[in-house]
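Listed below are the residues making up each chain.
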There are 2 protein chains.
Amino acid sequence: MTGPVVCTTVAQLREEIGARVTRGARTVGLFPTMGALHDGHARIAQRTRAENDLAVVSVFVNPLQFGPGEDFESYPRDLDGDVARLAEVGVDLVFAPSVEQMYPDGTPVVSVTSGRAGSILEGATRPGHFDGALTVVNKLFTIAAPGPAAELRAYFGEKDAQQLLLMQRMVRDFDYPVEIRAVPIVRSEQGLALSSRNQYLSAEQADHALVLHRTLRALAAGELTLERARSAIDAEPEVRLDYFVTVDPGDLSLVEPGPGTLALVAAWVGPTRLIDNMRI
Amino acid sequence: MTGPVVCTTVAQLREEIGARVTRGARTVGLFPTMGALHDGHARIAQRTRAENDLAVVSVFVNPLQFGPGEDFESYPRDLDGDVARLAEVGVDLVFAPSVEQMYPDGTPVVSVTSGRAGSILEGATRPGHFDGALTVVNKLFTIAAPGPAAELRAYFGEKDAQQLLLMQRMVRDFDYPVEIRAVPIVRSEQGLALSSRNQYLSAEQADHALVLHRTLRALAAGELTLERARSAIDAEPEVRLDYFVTVDPGDLSLVEPGPGTLALVAAWVGPTRLIDNMRI
């Protein structure tokens, strides 16, 4: 098995994509990541591989997504491990640029913003995070654009619902010829949404954490109001609610629970912050 | 003489550009305007025509560029007149979308921002103006993108120096395959930069307004300091200085006058606000 071609420059990625489109690739799948890939990522990489002639995964720890107090320097980096994992999946191209390659002029003067929609919910805990993510994905879309001969699809997990909605909204608001493909949440048998943070949970905490999925399901089934769903979470031992809301997936505005709305929950379980969501 | 094809929808413009690239166009020139075209626009349209296989002019009064107190509703609109003028120049396509066509979901949730660089100088007088201009031009670049078979060039006048610099910066920061072509300021014999606002000046005021160009030239020649250039402007009857600065054209940061910097001036002459600039 030959592994993926690892591109470290913008020019190299453009050339590789261009060459493969010329040789007949009609669909290009792009899965943007910050590396340190786990099973959740592998699932999305597999879909990217299965659904496209050309499967591209970017591995870039984007400094713009990290706030001043956050862990940009210590964020885990393991490109060799990531490439090995992506080789198993059969990905064609890995794009692993340096910070200097992505931001040759330093911090961008012109950037992408989601304004209020990116400063609420997860954005309230991480100011600037979503604008940083949108700015880098905007660049990735431009760099990976295969031109009119092929379709570009970009893959995001439904677990990070706010990120997914903002990416969908960027594509619409910017008229991008990109199709966003959402990959459903993978859950444990008990219902806990898979996350790399689950490893921090004790067996007992993992049990308490099930309240997130349980209340989401009950809300979606009309068995609980938002108010009672919030109380149910706060009543669970070791669990402390951050938010439990329903939003319009078009603009993330808060709305009453109802068909087509999206329920979003975030809570601390012990010291670990978890998020989950469900379409109503 | 057949006039330009007038496209009113995004789909129609994409189709027209695609068809002409297929028929052999290798260069596409795009000149974004808000219509109400005058001789200054005609000059830029002529360059767009002369330098490209396919010449496209967009005519769109972009609500995002207008502040709450500004004149979006009363801004002059004369599409028939504009199309007649562009027919004389020999432009191929006019893109004249409705607001609903450009912003089908209402005000964009995700948009382009230039942060501080767009909130100083002209941006201080018109908050949000540059972000609105960047957001719509970003969309125009996407909509007019001809794909890898042809080059896209976008035309902006040097008169609106801050806008030009921000557009150049957007292309660099977003890795856009677009070349920005700057069209030099056209001046009267006496040196006054042509502007549709010059019509508001009395003969005497037009005479006083020459102090802008005179001080810019003297500054560029090293005959005046910034301090003395400012005083010279304020000493001119009927002229009141807003700003006179030199900036780094890369990020619009204020710097001392020197080779490669750009001198920017804005002043009121009577009730009329004028801007001018010169590379040092």
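About the cut-offs
Residues numbered from 1 in each chain as written. Chains lettered and ligands numbered in written order. Predicted model: local features only at pLDDT ≥ 70, side-chain atom pairs only at ≥ 80, totals over all residues. Heavy atoms only, no water. Least-squares fit on C-alpha atoms with pLDDT ≥ 70 in both. Contact = heavy atoms within 4.5 Å. Domains from an automatic or database assignment. Buried area = accessible area lost by both parts, 1.4 Å probe. Salt bridge = Lys/Arg side-chain N within 4 Å of Asp/Glu carboxyl O. Polar contact = N/O pair within 3.5 Å; in protein donor to acceptor, adjacent residues only side chain to side chain. Helix = DSSP H or I, 4+ residues; strand = E, 2+ residues; numbered from the N terminus. Buried < 20%, exposed > 50% of the residue type's maximum accessible area, 1.4 Å probe, protein only. Phe/Tyr/Trp six-rings, centres within 6.5 Å; stacked < 30°, edge-to-face > 60°. Lys NZ or Arg CZ within 6 Å of the ring centre and 35° of its normal. Pairing = 2+ DSSP bridges. Axes fitted to C-alpha atoms, helices over the stretch in contact; angles between N-to-C directions. Right-handed = clockwise from strand over helix to strand, strands pointing away. UniProt positions renumbered as here; feature names shortened; annotations may be inferred. Parallel < 35°, antiparallel > 145°, perpendicular 65-115°, else oblique. Left-handed = near helix turned anticlockwise from the far one by under 90°. Nonpolar A, V, L, I, M, F, W, Y, C, P; charged D, E, K, R; others polar.

### Considerations on the relation of the copies chain A and chain B
- Superposing chain A onto chain B takes a rotation of 180 degrees combined with a translation of 0.0 Å along the rotation axis, leaving an RMSD of 0.0 Å. What the superposition gives is, in effect, a two-fold axis relating one chain to the other.
- The share of interface residues of chain A whose copies in chain B are also at the interface is 100%, consistent with both copies meeting through the same surface.

### Some words on the domain arrangement of chain A
All names here are of chain A.
- Along its sequence, chain A is carved into domain 1 (5–183) and domain 2 (196–279).
- Taking only C-alpha atoms, the centre of domain 1 and the centre of domain 2 are 27 Å apart.
- Opposite the 15 residues of domain 1 that make contact, domain 2 presents 15 residues.
- When domain 1 packs against domain 2, close to 1,300 Å² is buried across both sides, 62% of that on carbon and sulfur atoms.
- Seen at the junction of domain 1 and domain 2, the total is one salt bridge.
- Between E122 and R273 there is a salt bridge, with the nearest N and O atoms lying 2.7 Å from each other.
- Seen at the junction of domain 1 and domain 2, the total is six residue pairs in polar contact (both at pLDDT 80 or more).
- Looking at the side of domain 1 that touches domain 2, the elements with two or more residues in it are α5 (122–125) and α7 (161–173).

### Structural notes on the pattern of salt bridges
All names here are of chain A.
- For the structure on display, the rule yields 32 salt bridges over all chains.
- In this structure, R169 and D173 form a salt bridge, with 3.0 Å as the shortest nitrogen-oxygen distance. Here R169 and its partner D173 are both found in helix α7, four residues apart, which amounts to about one turn of the helix. Pair check on accessibility: R169 and D173 agree, each one buried.
- Connected through shared salt-bridge partners, R47, E51, E179 and R181 make up one network.

### What to know about the packing of aromatic side chains
Residue and element names in this part refer to chain A.
- Counting across every chain of the model gives ten aromatic pairs over all chains.
- Measuring from ring centre to ring centre gives 5.6 Å for F174 and Y176, while their planes differ by 80 degrees; the resulting arrangement is edge-to-face.
- Among the residues examined, F174 registers a relative accessible area of 0% and is labelled buried.
- On the accessibility criterion, Y176 (10% relative accessible area) is buried.
- Taken together through their ring pairs, the aromatic side chains of F66, F72 and Y75 make up a single cluster.
- Against the face of W268 rests R240, its NZ or CZ located 4.4 Å from the ring centre.

### Topic: the environment of S253 of chain B
Residue and element names in this part refer to chain B.
- Along the chain, S253 turns up in the loop between β8 (239–247) and β9 (262–269).
- Residue classification places S253 among the partly exposed residues on the basis of a relative accessible area of 24%.
- Ignoring anything within four residues of it in the chain, the contact list for S253 reads T246, V247 and D248.

### Considering the interface of chain A and chain B
- Counting residues at the interface gives 30 residues for chain A and 30 residues for chain B.
- Here chain A meets chain B over a buried area of about 2,500 Å², counting both sides, of which 55% is carbon and sulfur.
- Scanning the region where chain A abuts chain B turns up four salt bridges.
- Two residues, K139 of chain A and D175 of chain B, come together in a salt bridge whose shortest N-O distance is 2.8 Å.
- The tally of links between chain A and chain B comes to 15 residue pairs in polar contact (both at pLDDT 80 or more).

### Considerations on the sheet that holds strand β2 (residues 27–33) of chain A
All names here are of chain A.
- In spatial order, the strands read β1-β4-β3-β2-β6-β7; together these six strands make up an open sheet with parallel pairing. The sheet is open, and its two edges are formed by β1 (5–7) and β7 (178–183), each paired on a single side. Between one strand and the next, the sheet's axes are offset by a mean angle of 25 degrees, whatever the strand orientation.
- Pairing of β2 with strand β6 (residues 151–157) involves four bridges; the strand directions are parallel. Bridge pairing in β6 links T27 to E151.
- The sheet strands contacting helix α3 (residues 79–89) are β1, β3 (54–59) and β4 (93–95), and the helix crosses β3 at an angle near 160 degrees.

### A short note on the sheet that holds strand β8 (residues 239–247) of chain A
Residue and element names in this part refer to chain A.
- With antiparallel pairing, the three strands of this open sheet are ordered in space as β8-β9-β10. Both outer strands of the open sheet, β8 and β10 (272–279), are each paired with one neighbouring strand and no more. Neighbour to neighbour, the strand axes of the sheet diverge by 15 degrees on average, direction disregarded.
- As defined by bridge partners, β8 adjoins strand β9 (residues 262–269) across eight bridges and the pair is classed as antiparallel. For T246, the partnering residue across the bridge sits in β9 and is A263.
- In this fold helix α9 (residues 226–235) packs onto β8 and β9, with an angle of close to 160 degrees to the strand it touches most, β8.

### Let's talk about the pairing of β7 of chain A
All names here are of chain A.
- Pairing analysis gives six bridges linking β6 to β7, with the strands arranged parallel. What sits directly across from Y155, in β7, is R181.
- Handedness of the crossover is the feature at issue here: the chain leaves β6, passes through α7, returns alongside β7, and the resulting connection is right-handed.

### Description of the UniProt feature "binding site: (R)-pantoate" (unreviewed entry) in chain A
Residues and elements named next belong to chain A.
- The UniProt feature table records "binding site: (R)-pantoate" (unreviewed entry) at Q65 and Q163. A maximum C-alpha distance of 11.7 Å is found for the annotated residues, which run over 99 residues; spatially they form one tight group.
- Following the sequence through the fold, Q65 ends up in the loop between β3 and α3.
- Residue classification places Q65 among the buried residues on the basis of a relative accessible area of 9%.
- In this view, Q65 contacts M34, E70, R126, H129, G132, A133 and V136; residues no more than four positions away in its chain are not counted.
- Looking at Q65, its side chain comes within polar contact range of the side chain of N62, at 3.0 Å.
- Along the chain, Q163 turns up in helix α7.

### Section: the packing of helix α8 (residues 203–220) of chain B against helix α9 (residues 226–235) of chain B
Residue and element names in this part refer to chain B.
- It is at 10 Å that the axes of α8 and α9 come closest, and there the two elements cross at 165 degrees. It follows that α8 is roughly antiparallel to α9 by the angle criterion. Helix-helix and strand crossings are classified by hand; for α8 and α9 the assignment is right-handed. Along its contact with α8, which presents V211, L212, T215 and L219, the element α9 presents L226, A229, A232 and I233.
- Across the contact of α8 with α9, the residue classes break down as seven nonpolar, one polar and no charged.

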